[in-house]
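What the coordinates show
One-letter residues, chain by chain:
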Amino acid sequence: MSNNKFDARLDTVPLSPGVYLMKDASGTVIYVGKAKKLRNRLRSYFGGGHIAHPKVAAMVSHVADFEYVVVGTEAEALLLEANLIKRHMPQYNILLRDDKSYPYACITLNEEYPRVFKAFRPDEKARKAGARYFGPYMNGDLYNTMKTIEEIFPLKRCRKVFPRDIGKDRPCLNYHIGKCMAPCSGNVSAEEYRKMIFDIVAFFEGRYDGIKKTLTEQMEEASGNLDFERAAVLRDRLAALNGITEGQRVFQKIERDVDAVGIYSQAGETCVRKLELRSGRIVGSSTYFMKGDLGSVTEILTGFITQYYPGCGNIPPMVLIPQTDEKEDADLLGEFLSAEAGRKVRVYTPERGEMSDLLKMASLNAQEMMVRRILRGGGADADPSLGLRLIERLMSLPENSLRRAESYDISNLGNDDICSGMVVFKDGRPDRQSYRLFKMKTVETQDDFASMRETLTRRFAHDEKDGFEYPDLILVDGGKGQLSAVASVVRSLDLNRDIKLAGMVKNNKHRTAGLLLEDGTLYMLDKPEPSDDEVVLLRFLSAVQNEVHRYAITYQKKLMKKRNIRYKLENITGIGPSKRKILLSELGSIKAVEDSDIETLSAIKGISAKDAKMIYEYFHGREDEQA
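Attention here is on the structure that accompanies the text. All residue numbers refer to position in the chain's written sequence, counted from 1. At least 70 in pLDDT is required for a residue's local features to be given in this predicted model, at least 80 for side-chain atom pairs to be given and counted, and no such filter applies to totals for whole chains, interfaces and linings, which use all residues. Heavy atoms throughout the structure, all of them, feed into the side-chain values; hydrogens and water do not.

Summing up its helical and strand segments, the protein chain has 22 helices and 20 strands in all. Within the protein chain, buried positions represent 48% of all 627 residues. When checking whether two residues touch, look at their non-hydrogen atoms; a contact exists if any pair is within 4.5 Å. Put simply, of all contacts in the protein chain between residues at least 6 apart along the chain, 64% involve residues at least 24 apart. In this description, accessible areas are obtained by the Shrake-Rupley approach with a 1.4 Å probe, and a residue is regarded as covered only by the protein chains that are shown. Carbon and sulfur atoms make up 48% of the accessible area of the protein chain, which totals about 31,600 Å². If the 94 positive side-chain charges of the protein chain are averaged to one point and the 90 negative ones to another, these points end up 2 Å apart. Every helix listed is a DSSP run of H or I at least four residues long, and every strand listed is a run of E at least two residues long, numbered separately from the N terminus. Here the term buried applies to any residue with accessible area under 20% of the maximum for its type, exposed to any over 50%, and partly exposed to those in between, with areas from a 1.4 Å probe on protein chains only. A positive count includes Lys and Arg, and a negative count includes Asp and Glu. His and the chain ends are not counted in either. Note on charges: their place is set at NZ of Lys, CZ of Arg, CG of Asp or CD of Glu.

Spelled out as C-alpha cells, the structure:
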C-alpha cells in the first residue's frame, strides 16, 4: 500500500471524536479503534511517517480500506468501539479470552429455587435472565469454596428439580443432620429458600459481616431455647466462616469495594489478573489471557474493561489500574464504567499506601499466572510436548526423537557463591526430580564460560548407571558465544550419543525471542504476527529459560545467605561450625545473637563464658573501647 493511497480521503475526515474500522482486501474488519480527533489518528497510520510499534505497522500493511463513524464525545466513541469489537471480533484488537481451565460458580437467580454449581462457561442467555456467575477461579479454589458453602449454608445437594419434585419423597439424611433446608418437604417457601441463596451471593461478594451476624443471632436464639443440637450446627457453620476470613490478608485502611487490575506479558501473550477487595479482604479473582505482548497499556486495559465489566452486575465504585499512556485514559474508562453501573466509578492509578500495595499484588498475580501458563504449555487442553515437536521439524529430525531436554544457567555474586542449576523437561513438562545443582569447585572467579565447562564436565561424568539419563537436547541460555562454548565441551566428551544443541536467544528487553541452531540458523519468534506454531515454541522456550534462571538464582541466594551467616559467626575467635549451629538453634537468627547480652549467651549449653564475651565484643566492641 502506497503512503498516499488515502490522501484525498483523509482531507475530508473531520477533526471530531469517532470510531474507525480498518478493512483488508476481502472487506473483513481487521481493527476497530477510537480517536478524539479522527483525521489526526488516521493520518498517523497513512501519512507516511514511521510507525514505531511492530503490531500496528503489520496491521496497516494489510489495510485496503477504512470507514469511520463520527460521535459527539470521546466517551461515546469508547462505547461504540466496544460494541463494534464484540460484533466484528477483529484480529488486531485486544480480544478477551478466559482460560477454559478456570471454572465459574453459577447461581441461577433466574429460577424459583436457585441452584449453585460449577460451570465452565457462562451461559449468556441465563445471565441475561438473572443468573449470576462468579469467577473464573482456580479449580482447587472453587472446589474448596463450594465445600465451605456446603458447611455454612443448608443448601440442597440432591438432583431434585423444584418446584416439580416438592412433596414426592421424604427429606434425606442431610436434612436430619442440619445440612439441608429440605425444600422438597413442602415446608420451605421459595422466598425463604431464596433468602438463604442471597446470603450465598453475599458470600461470593465477600460480604461476610452480615452472614456472621445472622449466624451468631440464630445460634444464641437456639441456645436460649435450649435447642442445643441446632445451636451446635450453627456454631460449626460460624466456625467454617471464621476459618475463611482468618486466612485472608486484611487491608486495614481500605473499607470500600475495590477491584485491582494487574497485567503481565510474555511469550506472545498478555495476562490480566483482577483481584476483588470487599470490606478490606481479597475475596475473589479473575484471570484472562490476550493474544500479543504488551504494546500499549491503555489498549490492554481498555480491551479488558470494556469487554469484562458490561453485564457483570457487580461493578465496584473504584477500579485500580496500572499507569496508562495519558491521565485522560483512566478518566475515560471511569466514565464508561459509571455509565454501565449507573453511579460514579473512579478509575485511577494509586501511587502510595495500601491501594498501591493492592495494585502491586494484582500485577504480581498476573505474572505468576503467566508463569504457570507457560510452564504447562498453554491452556488446559494444550499439548506440552508440541514445543519439542516443532524443534524436531526445524532440525529435520524424526518425530518423537526429542523427549528429554536439559538447560543450564550460571549464577554468582561477583567472585562469590558461583554455582549453576540444571533443569530437565520431559515431553515438554518440567521434571523437577531430575533437577540438579552445582557449586563450583575449580572456578574461583567470575567466568561464565569456565563455570559452564565445569558444570557440563561434572554433569556428563554421570550417566544412566548413576540415575542420570542423557538428554536428547540441550537448550543453551544465550546466543552464538554461549552455544559455541557448550558445543566445545559436549563435542569433546566421549558420550557415544548425538545430543542436539540450540541456543535460546533474548531480545533487548531480556525476554526470550528466538531459537539459534548449532549450524547458525536463527529463528526469530517474537514477531508482530507470529504463527500459532511460533507462539507455542516461544512459550516452551520461555518456560525453559525462566525455570533454569529461577532455579540457579534461588540456589545462589541460598549460598549467599549461608556465607553471610558463616562470615558473621565463624570469624569470631573460638566459634566454629558446631557452636554456630548451637547459637542459631537456640536463638533462631543472627540478629538475635547480636542482640543478646553476655549473660544470655553464656547460659546456652555449649557456649562458655569466654565464648559469650567474645561474641558480645564482636558485635558491640569492648567495654573499654565504648567508654
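So, next bit.
Core analysis: the largest hydrophobic core is formed by 36 residues, its most contacted members being I107, I200 and F204. If you list the elements that add at least two residues to this core, you get β5 (104–107), α6 (139–152), α8 (190–204), α9 (208–224) and α10 (228–246). Looking at which element gives the most residues to this core, the answer is α8, with 9 residues. Formed by 34 residues, the second largest nonpolar core is a distinct cluster that contains V423, F425, L473 and Y551. Think of a nonpolar core as a cluster: buried Ala, Val, Leu, Ile, Met, Phe, Trp, Tyr and Cys residues, connected wherever their side-chain atoms sit within 4.5 Å.

A few words on the sheet that holds strand β7 (residues 132–134). What the 3 strands build is an open sheet, ordered β6-β5-β7; its pairing is antiparallel. Among the strands making up the open sheet, the edge pair consists of β6 (116–119) and β7. Averaged over all pairs of adjacent strands, the angle between strand axes in this sheet comes to 30 degrees, irrespective of strand direction. Packed onto the sheet, α8 meets β5, β6 and β7 and runs at close to 155 degrees relative to β5. For two strands to be treated as a pair, DSSP must find no fewer than two bridges joining them. Fitting a line to C-alpha atoms yields each axis, with helices limited to the stretch in contact; the angle taken between N-to-C directions then spans 0 to 180 degrees.

Where helix α4 (residues 74–88) contacts helix α12 (residues 327–341), the axes come no closer than 9 Å and their chain directions differ by 70 degrees. Taken together, the axes of α4 and α12 lie roughly perpendicular to each other. Relative to α12, α4 is oriented so that their crossing is right-handed. In this structure, α4 uses E74, A75, L78 and L79 to contact α12, whose residues at the interface are L332, L333, E335, F336 and E340. Each residue gets one label: Ala, Val, Leu, Ile, Met, Phe, Trp, Tyr, Cys and Pro are nonpolar, Asp, Glu, Lys and Arg are charged, and the others, such as Gly, are polar. Grouping the constituent residues of the contact of α4 with α12 by class yields 6 nonpolar, no polar and 3 charged. For classification purposes, an angle smaller than 35 degrees is called roughly parallel, one larger than 145 roughly antiparallel, one from 65 to 115 roughly perpendicular, and anything else oblique. In this scheme, a crossing is called left-handed if the near helix is turned counterclockwise away from the far one by less than a right angle; it is called right-handed if the turn is clockwise.

Bringing the sheet that holds strand β1 (residues 18–23) into the picture now. Strand-to-strand pairing in sheets goes through backbone hydrogen bonds, with the strands running parallel or antiparallel. The 3 strands lie next to each other as β2-β1-β3, forming an open sheet whose pairing is antiparallel. Each edge of the sheet is formed by a strand with only one pairing partner; in this case those strands are β2 (29–35) and β3 (65–70). The sheet shows a mean angle of 20 degrees between the axes of neighbouring strands, direction not considered.

Cavity means a closed set of points on a 1 Å grid over the protein atoms alone, one where a 1.4 Å probe fits but cannot get out, pocket means an open set with protein on both sides within 12 Å along at least 5 of 7 lines, and lining means a residue has an atom within 4 Å of a point. Grid points are joined across faces, edges and corners, and a volume is the space filled by probe spheres set on the points. Taken as a whole, this structure holds 1 cavity of 30 Å³ or more when the rule is applied. If you add up the space inside the largest cavity, you get close to 90 Å³. Forming the boundary of the largest cavity are 14 residues, of which I374, G377, P384, V536 and F540 lie nearest the centre. Elements with a contribution of two residues or more to the lining of the largest cavity: α13 (353–375), α14 (386–394) and α17 (532–570).

Attention now goes to the pattern of salt bridges. Take a side-chain nitrogen of Lys or Arg and a carboxyl oxygen of Asp or Glu: if they are within 4 Å of each other, that pair is a salt bridge. Scanning all chains against the criterion turns up 29 salt bridges. For the salt bridge of E351 with R352, the shortest nitrogen-to-oxygen distance reads 3.9 Å.

Remember, this is a structural readout, not a statement about activity or role.
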